[in-house]
Amino acid sequence: MPLNALAAKAIRWWLGLVVSCCALFAAAPATAADGPKASPGDAVADYWREVRQGVPGLSQVTGAERGVLINARGETWRQQRNGPLKRYGGMVLLAMLGIIVLFYLVKGPMKLSEPPTGRKIQRFTPFERFVHWGTAITFILMGLTGLAILFGRTVLGPLIGSGGLGGLLALGKLVHNYLGPVFLAFTILLIFAFLRDNVWQKCDSEWIAKAGGMFSSGGHIPSGRFNFGEKTWFWLGVTFLGLFVAGTGLLLNFPALIDRTRDLMQNLVLLHAIGAVLLLTMSFGHIYMGTVGVQGALESMKTGEVDETWAREHHELWYDDVKAGRSGRP
Amino acid sequence: MARMKFLCDAERCIECNACVTACKNEHEVQWGVNRRRVVTINDGEPTEKSLSVACMHCTDAPCSAVCPVDCFYTTEDGVVLHNKDACIGCGYCLFACPFGAPQFPQDGAFGERGKMDKCTFCGGGPEEDNSPAERAKYGRNRLAEGKLPLCAEMCSTKALLAGDANEVADIFRERVVARGSNRGAWGQNLQFNPLGSGKG
């Protein structure tokens, strides 16, 4: 199996995206600073313009950016965070919740069409379950505390006031900052635990063509150990967004150990929040499918075992493979 | 009711840093934190200018707008203060502030940020005026004693002015008349002022 090659490819892909995203944001203030040029020799106007553009002077007070008189980007950052980020981020999250509720009301949970056989087969190893639940628990705590930092003032502020928010978020910040590296470690373990099951298989094209059988009645599409929906969550959600959010979060952590400029921190906060909102949105779908959406899905991750009927109805190719004495892995 | 303002006259500031020292001493500010700093632009060149800068007590303060716990408030005098009991030390106020005013003591493991500290316009905090609790968290409350900020009070060249905006403007206006130009004030764009362009 080209396992190493795949992993290396995934890492290069992710790094490339992070770097290009950062470059995109870094380019914005540079263009904003190119104001109208002064008439030559107007030195006084020149230095005031430099002050406005954040050109550093000299200060006896030491520390990051102590020589910068004005950082005009702060107000832009405030507008971006309090404006589009909160507005569209909130809308995307609420819309996803609404879609899931609507889907549940219209289609209901996916139940087995035949009675369970009572014969169990192993779907997840204890290590896989440990890594999954480790990631899941840290992810939920990170998600809740992160949402509280972005939306807490708007949603909870009127109820518990500034003092209540302060108490709640003092704890929330500790949890968020200390669990972040733990989440990153679990995410990396999770990627390696499930990497070889999430490679492309021929049956995936049929799954895509029929949209996973989501809108057809009773149309089951045979799939391997994981279907294409699960693979999308693995690559786009866990691997790309998970590493992106955890990576930007790690760079935001440890404020006093490394001196970073305000511009970098502003960009990182925005990228981190955008990534986190998208990851949370995707996670709603995964959590729905893993709990109430699919009968028996939660049991499989709790016990590691599934009924043969479940295996045949949800992952037929994997079931056939396992019954034939093979690993069931692609 | 007064509207408090700082104004630093770049024509007068001699970069003595006494405002920085006086502030730190008056409020017994934490180790590693300076509420005020002096910045020199074009150091060593003919156009060298120095300015003393701290919290400018914005009317629409970005720090207050981005605070996740809403711990900022503006007094009747237009002074922007904050409640250290609610502050969680996230640093967002520093990211948003144009002047780099909010400062954080290094507090706890892994260089974690402590509770934010910044210039209070010598106006203390939410606690009872000049109570020991207020004194410990925010320093002395000179406004409650009927006094103005110490940095400006003791400025030897009177470059740094602090007080009611109208009073400060009147003093600076006299200087403008005497100089024949308005050069020196914060953000004056002398490109549009023939009197001030590069002369004197």
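The text that follows walks through the structure, step by step, so that each part is easy to find. These numbers come from a predicted model, not from an experiment. Counting from 1, residues in each chain are numbered in the order their sequence is written. The naming scheme follows written order: chains are lettered A onward, ligands numbered 1 onward. Thresholds applied to this predicted model are a pLDDT of at least 70 for local features of residues and 80 or more for the giving and counting of side-chain atom pairs; totals over whole chains, interfaces and linings are not thresholded and use all residues. In computing side-chain values, all of the structure's heavy atoms are included and hydrogens and water are not.

### Thoughts on the overall build of chain A
Thinking step 1. Of regular secondary structure, chain A possesses 11 helices and three strands.
Thinking step 2. Per the convention used, a helix needs a DSSP run of H or I reaching at least four residues, while a strand needs a run of E reaching at least two, with both numbered from the N terminus. Order of helices (α) and strands (β) in chain A, N terminus to C terminus: α-α-β-α-β-α-α-α-α-α-α-β-α-α.
Thinking step 3. Per-residue accessibility, obtained with a 1.4 Å probe over protein chains only, is compared with the maximum for each type, and a residue is labelled buried under 20%, exposed over 50%, and partly exposed between these values. Relative to its 330 residues, chain A shows a buried fraction of 43%.
Thinking step 4. At a minimum sequence separation of 6, the contacts of chain A that also span at least 24 residues come to 77%. Note on contacts: a residue pair qualifies if any of its non-hydrogen atoms lie within 4.5 Å across the two residues.

### Remarks on the overall build of chain B
Thinking step 1. Scanning chain B for helices and strands turns up six helices and six strands.
Thinking step 2. Counting from the amino terminus, helix and strand elements in chain B follow one another as β-α-β-β-α-β-β-α-α-α-β-α.
Thinking step 3. When burial is assessed residue by residue, chain B has 58% of its 200 residues classed as buried.
Thinking step 4. A fraction of 53% describes how many contacts in chain B between residues 6 or more apart in sequence connect residues 24 or more apart.
Thinking step 5. Note on areas: Shrake-Rupley with a 1.4 Å probe; residue coverage comes only from the protein chains shown. Carbon and sulfur atoms form 52% of the exposed surface of chain B, whose accessible area is close to 8500 Å².

### Points about the environment of D9(B)
All names here are of chain B.
Thinking step 1. Here D9 shows up in the loop between β1 (4–8) and α1 (18–27).
Thinking step 2. A sequence separation of 163 residues divides D9 from F172, and the C-alpha atoms of the two residues are 8.3 Å apart.
Thinking step 3. Among the polar contacts made by the side chain of D9, one reaches the side chain of R175 at a distance of 2.9 Å. Pairing of N or O atoms within 3.5 Å defines a polar contact, subject to two protein rules: one partner must be a possible hydrogen donor and the other a possible acceptor, and residues neighboring in sequence count only if both atoms are side-chain atoms.

### A closer look at the environment of K120(A)
All names here are of chain A.
Thinking step 1. Assignment of secondary structure puts K120 in strand β2 (residues 120–122).
Thinking step 2. A C-alpha to C-alpha distance of 33 Å links K120 and L102, two positions 18 residues apart in sequence.
Thinking step 3. The contact partners of K120, leaving out residues within four places of it in the chain, are E305, V306 and D307.

### Some details on the sheet that holds strand β2 (residues 37–41) of chain B
Thinking step 1. Strands pair, by our definition, only if DSSP identifies at least two bridges between them. Read from one edge to the other, the open sheet built from three strands follows the order β1(A)-β2(B)-β3(B), with strand pairing classed as antiparallel. Unpaired on one side and paired on the other, β1 (58–59) of chain A together with β3 (49–53) of chain B mark the two borders of the sheet.
Thinking step 2. Pairing of β1(A) with β2(B) involves two bridges; the strand directions are antiparallel. Bridging across to β2(B), L58(A) finds its partner in T40(B).

### Things to note about the packing of helix α4 (residues 126–155) of chain A against helix α8 (residues 262–293) of chain A
All names here are of chain A.
Thinking step 1. Contact geometry of α4 with α8 gives a least axis separation of 12 Å together with a crossing angle of 130°. The angle between α4 and α8 falls in the class oblique. When the axes of α4 and α8 are compared, the crossing they make is left-handed. For the pair α4 and α8, contact is made by H132, F139, G143 and L147 and by L279, L280, S283 and H286, respectively. Here an axis means a line fitted to C-alpha atoms, over the contact stretch when the element is a helix, while the angle between two N-to-C directions is reported on a 0 to 180 degree scale. Angles below 35 degrees are treated as roughly parallel, those above 145 as roughly antiparallel, those between 65 and 115 as roughly perpendicular, and all remaining angles as oblique. We call a crossing left-handed when the near helix sits turned anticlockwise from the far one by less than a right angle, and right-handed when that turn is clockwise.

### A word on the packing of aromatic side chains
When we look at a pair of aromatic rings, we describe it by the centre distance and by the angle of the planes.
Thinking step 1. Between the rings of Phe, Tyr and Trp (Trp by its six-membered ring), a pair exists once the centres lie within 6.5 Å; its type follows the angle of the planes, with under 30 degrees stacked, over 60 edge-to-face, and the other angles tilted. The full count for this structure, using the stated rule, is 15 aromatic pairs over all chains.
Thinking step 2. Considering the side-chain rings of F103(A) and Y288(A), the 6.3 Å spacing of their centres and the 85° angle between planes classify their relative orientation as edge-to-face. One end of the pair, F103(A), is in helix α3 (residues 73–107); the other, Y288(A), is in helix α8, with 185 residues separating them in the sequence.
Thinking step 3. You can call Y288(A) buried: its relative accessible area is 9%.
Thinking step 4. On the basis of an interplanar angle of 85° and a centroid distance of 6.1 Å, the ring pair of F124(A) and F194(A) is categorised as edge-to-face. A residue pair is termed long-range when its members are at least 10 positions apart, and F124(A) in the loop between β2 and α4 and F194(A) in helix α5 (residues 157–194) qualify at 70 residues. Per residue, the accessibility class of F124(A) equals that of F194(A), and both read buried.
Thinking step 5. Pairwise contacts between aromatic rings join W77(A), Y92(B) and F95(B) into one cluster.
Thinking step 6. Over the ring of Y138(B) we find K84(B), and its NZ or CZ is 5.7 Å from the ring centre. Two thresholds decide whether a charge sits over a ring: the Lys NZ or Arg CZ must be within 6 Å of the ring centre and within 35 degrees of the ring normal.

### Quick notes on the side chain of S223(A)
All names here are of chain A.
Thinking step 1. One can find S223 in the loop between α6 (203–209) and α7 (228–252).
Thinking step 2. Residue classification places S223 among the buried positions, given a relative accessible area of 1%.
Thinking step 3. Among all residues touching S223, those that are not within four sequence positions of it are C203, H314, H315, E316, L317 and W318.

### Some thoughts on the pairing of β2(B)
Residue and element names in this part refer to chain B.
Thinking step 1. In terms of residue burial, β2 counts as a mostly covered element, since five of its five residues are buried.
Thinking step 2. By the alternation rule, side chains of β2 split into R37, V39 and I41 and V38 and T40, which are all buried.
Thinking step 3. Bridge analysis of β2 against β3 gives five bridges, and the strand direction is antiparallel. Counterpart to T40 in the pairing with β3 is S50.

### Considering the packing of α4(A) against α5(A)
All names here are of chain A.
Thinking step 1. Closest axis-to-axis distance for the α4/α5 pair is 6 Å, and the angle between their directions is 150°. Comparing their axes, α5 and α4 come out roughly antiparallel. As for how α4 packs across α5, the hand of that crossing is left-handed.

### Here we look at the pattern of salt bridges
Thinking step 1. Salt bridges are identified by distance alone: a Lys or Arg side-chain nitrogen within 4 Å of an Asp or Glu carboxyl oxygen. Per the stated rule, a full pass over the model turns up 31 salt bridges over all chains.
Thinking step 2. One salt bridge in this structure joins D321(A) and R326(A), with 2.9 Å as the shortest N-O distance.
Thinking step 3. Given a relative accessible area of 21%, D321(A) falls into the partly exposed group.
Thinking step 4. A relative accessible area of 51% places R326(A) in the exposed class.
Thinking step 5. Here R142(B) and E26(B) are joined by a salt bridge, their closest N and O atoms 3.2 Å apart. Remark: E26(B) occurs in helix α1 and R142(B) occurs in the loop between α4 (132–138) and α5 (150–153); sequence separation between them is 116 residues. For the pair R142(B) and E26(B), a shared accessibility class is recorded, and that class is buried.
Thinking step 6. Salt bridges linked by common partners bring E26(B), R140(B), R142(B), E145(B), K147(B) and E153(B) together as one network.

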